[in-house]
Amino acid sequence: MNGAEFERDTALVTGAGSGIGKGAALRLAKGGAFVGLLGRTEDELEETLAEIRAGGGDGMVLVADVSQADQMAEAVGRLIDARKGLQIVVANAGINGTWAPIDDLKPEEFDKTIAINLRGTYLTLHHTVPFLKKTGGSIIVMSSINGTRTFTTPGATAYSATKAAQLAMVQQLALELGRHGIRINAICPGAIETEIDDNTNVRKKRQTEVPVEFPEGDIPLTGGESGTIEDIADVVAFLASDASRHVTGTPIWVDGGQSLLR
Ligand code: NAD
């Protein structure tokens, strides 16, 4: 444990069974927060909880699909019943979905990306904000460089649209929720080493890609190496903590400068 910066806090992290969500959950638990681990895959969530407990922290598993209103209401209800309050929400669950030319992208593929990434973010906030209003708190939305600074990922139209919309929600809600002492910010990661590529369906990439070549690789800070889960988790901790008490409605690009190139 490294102190108790979140000792009195309860956190909810969606998509906590792998990747960035798992890293955020471990980091918040390390700071003393009790973490509700929400996701679709129970055994992965149990594994995250086991790692948290091995590190001296605690939390609970909440199996739910972020795109389903009834499941989200039930999962948040279980966390509140167990803890009474809620101070930190990390709306992280998301998929890359299908990356394809616009005339090839099927309506059901478009809808699936919107349902999980955008409706899922809405439902996460819709069901948690009533509890955050009681004590104030911090919401962190996991957006992306795609849709906020980068528009060259081939075929990623639906994905980029959800990530742009998440940032719009953050800015809109910063004003709406400020009076309740709730801060809301977005993290926009660049390429991070996770399992998200397993959930990516890419078609006809050559029809949509824009060839751009840079002499020194496309992540200036690392010479091309992807970022790590911990690179994101430390920014989650900053935005959840009192160190960011005057920060709201703000995107933070955590990408080693990648999105400034393309
Ligand atoms: P990941 O696939 O490792 O993790 C995503 C998690 O979300 C998984 O645990 C998955 O089970 C869960 N999930 C997916 N659909 C769900 C649903 N309907 N209901 C509940 N849980 C669901 O991917 P990751 O890279 O850790 O991605 C996390 C977030 O970070 C996403 O929003 C993604 O868009 C964003 N992001 C990732 C990168 C990157 O390079 N990895 C870059 C920018 C943004």
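Residues numbered from 1 in each chain as written. Predicted model: local features only at pLDDT ≥ 70, side-chain atom pairs only at ≥ 80, totals over all residues. Heavy atoms only, no water.

- An unreviewed UniProt entry annotates the protein as NAD(P)-dependent dehydrogenase (Short-subunit alcohol dehydrogenase family) originating from Rhizobium rosettiformans.
- Heading Sequence similarities (unreviewed entry) of the UniProt record for the protein holds this comment: "Belongs to the short-chain dehydrogenases/reductases (SDR) family." (UniProt positions renumbered as here; feature names shortened; annotations may be inferred.)

### Regarding the overall build of the protein
In step 1: The helix and strand inventory of the protein stands at eight helices and nine strands.
In step 2: Taken over C-alpha atoms, the radius of gyration comes to 18 Å for the protein, in line with the 18 Å a tight globule of 262 residues would show.
In step 3: The dimensions of the protein, computed from C-alpha atoms along their principal axes, are 50 × 40 × 40 Å.
In step 4: Sorting the 262 residues of the protein into buried and exposed places 52% on the buried side.
In step 5: Partitioning the intrachain contacts of the protein with sequence separation of at least 6 by distance along the chain shows that 77% fall at a separation of at least 24.
In step 6: With an accessible surface of roughly 12200 Å², the protein has 50% of that area assigned to carbon and sulfur atoms.
In step 7: Here the protein carries 24 positive and 34 negative side-chain charges, and the mean point of each set is 6 Å from the other. (Helix = DSSP H or I, 4+ residues; strand = E, 2+ residues; numbered from the N terminus. Rg over C-alpha atoms; globule rule 2.2 N^0.38 Å. Buried < 20%, exposed > 50% of the residue type's maximum accessible area, 1.4 Å probe, protein only. Contact = heavy atoms within 4.5 Å. Areas by Shrake-Rupley, 256 points an atom, 1.4 Å probe, with all protein chains shown as cover. Lys, Arg positive; Asp, Glu negative; His and termini not counted. Charge placed at Lys NZ, Arg CZ, Asp CG, Glu CD.)

### Let's talk about the environment of Ala161
In step 1: Along the chain, Ala161 falls in helix H5 (residues 157-178).
In step 2: The partly exposed category is assigned to Ala161, whose relative accessible area is 39%.
In step 3: Measuring from C-alpha to C-alpha, the distance between Ala161 and Thr228 comes to 24 Å, with 67 residues separating the pair along the chain.

### Examining the packing of aromatic side chains
In step 1: Under the defined criterion, the tally for this structure stands at one aromatic pair.
In step 2: For the ring pair Trp99 and Tyr159, a centre distance of 5.9 Å and an interplane angle of 55 degrees mean the geometry is tilted. Of this pair, Trp99 sits in strand E5 (residues 97-99) while Tyr159 sits in helix H5, placing them 60 residues apart in sequence.
In step 3: By relative accessible area, which is 13% here, Trp99 ends up buried.
In step 4: For Tyr159, a relative accessible area of 8% translates into the label buried.
In step 5: Taking the ring centre of Trp253 as reference, the NZ or CZ of Arg149 above it sits at 3.9 Å. (Phe/Tyr/Trp six-rings, centres within 6.5 Å; stacked < 30°, edge-to-face > 60°. Lys NZ or Arg CZ within 6 Å of the ring centre and 35° of its normal.)

### Re the pattern of salt bridges
In step 1: Scanning all chains against the criterion turns up nine salt bridges.
In step 2: One salt bridge connects Lys22 with Glu51, and the closest N-O pair in it is separated by 2.9 Å. In this pair, Lys22 is assigned in helix H1 (residues 19-30) and Glu51 in helix H2 (residues 42-54), connecting sequence segments 29 residues apart.
In step 3: Note on Lys22: relative accessible area 17%, which makes it buried.
In step 4: Since its relative accessible area comes to 32%, Glu51 is described here as partly exposed.
In step 5: Measuring nitrogen to oxygen at the nearest pair gives 2.7 Å for the salt bridge that ties Arg203 to Asp104. Placement of the pair is Arg203 in the loop between strand E8 (200-202) and helix H6 (205-208) and Asp104 in the loop between E5 and helix H4 (107-135), with a sequence separation of 99 residues. (Salt bridge = Lys/Arg side-chain N within 4 Å of Asp/Glu carboxyl O.)

### Description of the sheet that holds strand E3 (residues 58-63)
In step 1: Strands sit in the order E3-E2-E1-E4-E6-E7-E9 across an open sheet of seven strands; the sheet is parallel. Each end of this open sheet is capped by a strand with a single partner; those strands are E3 and strand E9 (251-254). When strand polarity is set aside, the average angle formed by the axes of neighbouring strands in this sheet is 20 degrees.
In step 2: In terms of strand pairing, strand E4 (residues 88-91) meets strand E6 (residues 137-142) through four bridges, oriented parallel. Among the inter-strand pairings, Val89 is bridged to a residue of E6, identified as Ile139.
In step 3: Against the sheet, H5 contacts E6, strand E7 (182-189) and E9, and its axis sits at roughly 160 degrees relative to E7.
In step 4: Strands E4, E6, E7 and E9 of the sheet are contacted by helix H7 (residues 229-240), whose axis makes an angle of about 165 degrees with E7. (Pairing = 2+ DSSP bridges. Axes fitted to C-alpha atoms, helices over the stretch in contact; angles between N-to-C directions.)

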